[in-house]
Amino acid sequence: MGTTASQLGKDLLSEYQELTFLTKQEILLAHKRFTELLTKDEKELPNTRVPMERILTLPELKSNPFRKRICYVFSTSEQKDGGLTFEDFLDLLSAFSDSATLEIKSHYAFRIFDFDDDGTLDCGDLEKLVNCLTGETDDTRLTPEEMRQLINNILEESDIDKDGTVNLSEFQHVISRSPDFVSSFKIVL
C-alpha cells in the first residue's frame, strides 16, 4: 500500500524540510491530515485547495478564536477565500511550530491581528482582537467604556511613535518582552 512518503516523493519532502521549520515526520503527518480533508475526486488533482470551511473542522483550529484570520493570512488564493493548498497548510504549521523563530511567529501574529490588512494595528483592529479573545456574547463583551480604556492602555504601552497605531516593529518590541508568546503561539497536529 502506498504511504504518504511515496505520495510526496523524497525530493519534495526534502525541499519542504528545507523551506519550513517542520521535521520529516511533521510534514508527513501534515500531508496525511490535509489529504483526509480532500474528497475522493480532489485527491486525484494536483495542488488542490481545500475550502476554509473544511480546514476549520481540524480540532487544532476549531476552537482558536482567530481561526478564520489564520486561514486568510496563510491562503494564497486569488479569491481571498481562506482556502488552503497543501503548501499553504505547511506554511501555517511551520509558522506555528515550536521551531519557528520569535521573528517569524510575531510577524504572522501581527498579520493575523491586522484585520483590515493595512500594515498597522489601529483601534478597529484592536477592538476586533479583544472581541476575539473575550468572545462576543453579551456576557463576555466589554462595554464601550471598558473597550476604549483597554485600547488606550494597549496603545499607551505599545505605540512608541505615538501615531495612534501599532506597527510591526512596535508589535515585535512588545512581543519580545512577553516570554510566554513563543510557547503559546503554536499549533501541534
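Residues numbered from 1 in each chain as written. Predicted model: local features only at pLDDT ≥ 70, side-chain atom pairs only at ≥ 80, totals over all residues. Heavy atoms only, no water.

(A) Expanded view of the packing of aromatic side chains. Per the stated rule, a full pass over the model turns up 10 aromatic pairs. Each ring, one from Tyr 16 and one from Phe 86, has its centre 5.6 Å from the other, and the planes form 70°; the classification is edge-to-face. Taken together, the positions of Tyr 16 in helix α2 (residues 10-19) and Phe 86 in helix α8 (residues 86-95) put the pair 70 residues apart, joining distant regions of the chain. Judged by its relative accessible area of 7%, Tyr 16 falls in the buried class. Look at Phe 86 and you get buried, because its relative accessible area is 10%. Connected via pairs of aromatic rings, a cluster forms that spans Phe 74, Phe 96, Tyr 108, Phe 181 and Phe 185. (Phe/Tyr/Trp six-rings, centres within 6.5 Å; stacked < 30°, edge-to-face > 60°. Helix = DSSP H or I, 4+ residues; strand = E, 2+ residues; numbered from the N terminus. Buried < 20%, exposed > 50% of the residue type's maximum accessible area, 1.4 Å probe, protein only.)

(B) Helix α12 (residues 168-176), seen in detail. All of the buried residues along α12 are Glu 170, Phe 171 and Ile 175. When α12 is viewed along its axis, its buried side chains cluster within an angular range of 135° and face the same direction. (Arc of directions from axis to C-beta.)

(C) Region of the structure containing the environment of Ser 178. Assignment of secondary structure puts Ser 178 in the loop between α12 and α13 (181-184). Ser 178 sits 161 residues away from Gln 17 along the chain, and the two C-alpha atoms are 29 Å apart.

(D) Spatial organisation of the confidence of the model for the protein. Averaged over every residue, the pLDDT of the protein is 93; the share at 70 or more is 97%. Of the regions scoring below 50 in pLDDT, residues 1-5 engages in 5 contacts with residues more than four places distant in sequence or in other chains. (pLDDT = per-residue confidence, 0-100. Contact = heavy atoms within 4.5 Å.)

(E) How the structure looks around the side chain of Asn 131. Tracing the sequence through the fold places Asn 131 in helix α10 (residues 123-134). Judged by its relative accessible area of 11%, Asn 131 is buried. Once residues lying within four places of it in the same chain are set aside, the contact partners of Asn 131 are Glu 136, Arg 141 and Met 147.

(F) Quick peek at the pattern of salt bridges. Per the stated rule, a full pass over the model turns up 10 salt bridges. Here Arg 49 makes a salt bridge to Asp 88, at a shortest N to O gap of 3.1 Å. On the criterion of sequence distance, the pair formed by Arg 49 in the loop between α4 (40-43) and α5 (52-55) and Asp 88 in helix α8 is long-range, its members being 39 residues apart. Its relative accessible area of 28% is what places Arg 49 among the partly exposed residues. Several salt bridges share partner residues, and in doing so they unite Lys 32, Arg 33, Glu 36 and Glu 60 into one network. (Salt bridge = Lys/Arg side-chain N within 4 Å of Asp/Glu carboxyl O.)

(G) View of a negative patch on the surface. Together, Asp 11, Glu 15, Glu 18, Glu 87 and Asp 91 make up a negatively charged patch on the protein surface. Within the residue set of the negative patch, elements represented by two or more residues are α2 and α8. Top contributing element to the negative patch by residue count: α2, with 3 residues. (Patch = residues over 30% accessible without salt bridge, like charges linked within 9 Å, V, L, I, M, F, W, Y side chains within 5 Å. Areas by Shrake-Rupley, 256 points an atom, 1.4 Å probe, with all protein chains shown as cover. Lys, Arg positive; Asp, Glu negative; His and termini not counted. Charge placed at Lys NZ, Arg CZ, Asp CG, Glu CD.)

(H) View of the nonpolar core. The biggest cluster of nonpolar side chains holds 48 residues, and the ones touching the most others in it are Phe 74, Phe 86 and Ile 112. The biggest single contributor to this core is α8, with 6 residues. When residues no more than four places from it in sequence are discounted, the contact partners of Phe 74 are Leu 84, Asp 88, Asp 91, Leu 92, Ala 95, Phe 96, Tyr 108 and Ile 112. (Core = buried A, V, L, I, M, F, W, Y, C linked by side-chain atoms within 4.5 Å.)

(I) Representation of the packing of α10 against helix α11 (residues 144-158). Look at α10 against α11: their axes get within 10 Å of each other, and the N-to-C directions meet at 115°. Accordingly, the angle class assigned to the pair α10 and α11 is roughly perpendicular. Once α10 is placed against α11, the crossing between them reads as right-handed. Contacts between α10 and α11 involve Cys 123, Leu 126, Glu 127, Val 130 and Asn 131 from the first element and Met 147, Leu 150, Ile 151, Ile 154 and Leu 155 from the second. Looking at the contact of α10 with α11 residue by residue, the classes come out as 8 nonpolar, 1 polar and 1 charged. (Axes fitted to C-alpha atoms, helices over the stretch in contact; angles between N-to-C directions. Parallel < 35°, antiparallel > 145°, perpendicular 65-115°, else oblique. Left-handed = near helix turned anticlockwise from the far one by under 90°. Nonpolar A, V, L, I, M, F, W, Y, C, P; charged D, E, K, R; others polar.)

(J) Fine view of the environment of Leu 126. Tracing the backbone through its elements, the reader meets Leu 126 in helix α10. C-alpha of Leu 126 to C-alpha of Met 147: the two residues are 21 residues apart in sequence and 9.3 Å apart in space. Ignoring any residue separated from it by four or fewer positions in sequence, one finds Leu 126 in contact with Leu 121, Ile 151, Ile 154 and Leu 155.

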